[in-house]
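# Overview (structure and organization)
Below, each chain spelled out in residue letters.
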Amino acid sequence: ELLEQYGHRCAQCGSRGELEWDHICRLSESHGQQEFQPLCVECHREKTEHEARTYDADQLASFFEKEVWEQ
């Protein structure tokens, strides 16, 4: 259904080819509501890299601390 809605194209750049499912809003920011969009591998990678920089401001994000794990 979503592929038809987007014309079997990437929601960001419009390219055809291998598509991946992307949460439009990060799961930690969606508060239970999940919406997806098809993105090509490149757009999905770029979007994910950009989102990773916002973790410091994300109160719901979890972080792994090696020293805590080792203790």
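Residues numbered from 1 in each chain as written. Predicted model: local features only at pLDDT ≥ 70, side-chain atom pairs only at ≥ 80, totals over all residues. Heavy atoms only, no water.

## So, the overall build of the chain
What counts here: Each helix is a run of DSSP H or I of at least 4 residues and each strand a run of E of at least 2, with the numbering of both proceeding from the N terminus. The classification of residues rests on relative accessible area computed with a 1.4 Å probe and restricted to protein chains. Under 20% of the type maximum is buried, over 50% is exposed, and intermediate values are partly exposed. Only the protein chains shown count as cover for residues, with accessible areas throughout obtained via the Shrake-Rupley method and a probe of 1.4 Å.
Tallying secondary structure elements over the chain gives four helices and two strands in all. Put simply, the chain runs from its N terminus to its C terminus through helices and strands in the order α-β-α-β-α-α. Buried residues in the chain amount to 20% of all 71 residues. As displayed, the chain offers around 5800 Å² of accessible surface, 50% of which is attributable to carbon and sulfur atoms.

## A word on the side chain of Lys47
Note the following rule: The definition of a polar contact used here is a pair of N or O atoms within 3.5 Å, where within protein one atom must be able to donate a hydrogen and the other to accept one, and adjacent residues in sequence count solely through side-chain atom pairs. Contact between two residues is taken to exist if any of their heavy atoms lie within 4.5 Å; hydrogens are not considered.
With respect to the helices and strands, Lys47 occurs in helix H3 (residues 41-52). Of the polar contacts made by the side chain of Lys47, one reaches the backbone oxygen of Ile24; its length is 3.3 Å. When near neighbours in sequence (up to four residues on either side) are disregarded, Lys47 contacts Gln12, Asp22, His23, Ile24, Gln37 and Leu39.

## Topic: the confidence of the model for the chain
The condition that has to hold: Residue-level confidence of the predictor is what pLDDT reports, using numbers from 0 through 100.
On average, the chain scores 83 in pLDDT, and the residues at 70 or more come to 76%. Element-level mean pLDDT values for the chain span from 65 in helix H2 (residues 27-30) up to 95 in strand S2 (residues 36-40).

## A short note on the pairing of S2
Note the following rule: Note on pairing: DSSP must find at least two bridges between two strands before they are called paired.
Of all five residues that make up S2, four are buried, and the element is covered over most of its length. Summarising the sheet, strand S1 (residues 19-23) and S2 pair through five bridges and their orientation is antiparallel. Looking across to S2, one finds that His23 is bridged to Phe36.

## Notes on the pattern of salt bridges
For clarity, the threshold we go by: Between Lys or Arg on one side and Asp or Glu on the other, a salt bridge is scored when a side-chain nitrogen of the former is within 4 Å of a carboxyl oxygen of the latter.
Under the criterion given, the structure shown has four salt bridges. With a shortest N-O distance of 2.9 Å, Lys47 and Asp22 are connected by a salt bridge. One end of the pair, Lys47, is in helix H3; the other, Asp22, is in strand S1, with 25 residues separating them in the sequence. The pair Lys47 / Asp22 is uniform in exposure class, with both members buried. Its salt-bridge partner being Glu70, residue Lys66 comes within 3.8 Å of it at the nearest N-O pair. Pair noted here: Lys66 and Glu70 are both in helix H4 (residues 66-70), with a separation of four residues, about one helical turn. We classify Glu70 as exposed; its relative accessible area is 54%. One salt-bridge network, held together by shared partners, links Glu42, Arg45 and Glu49.

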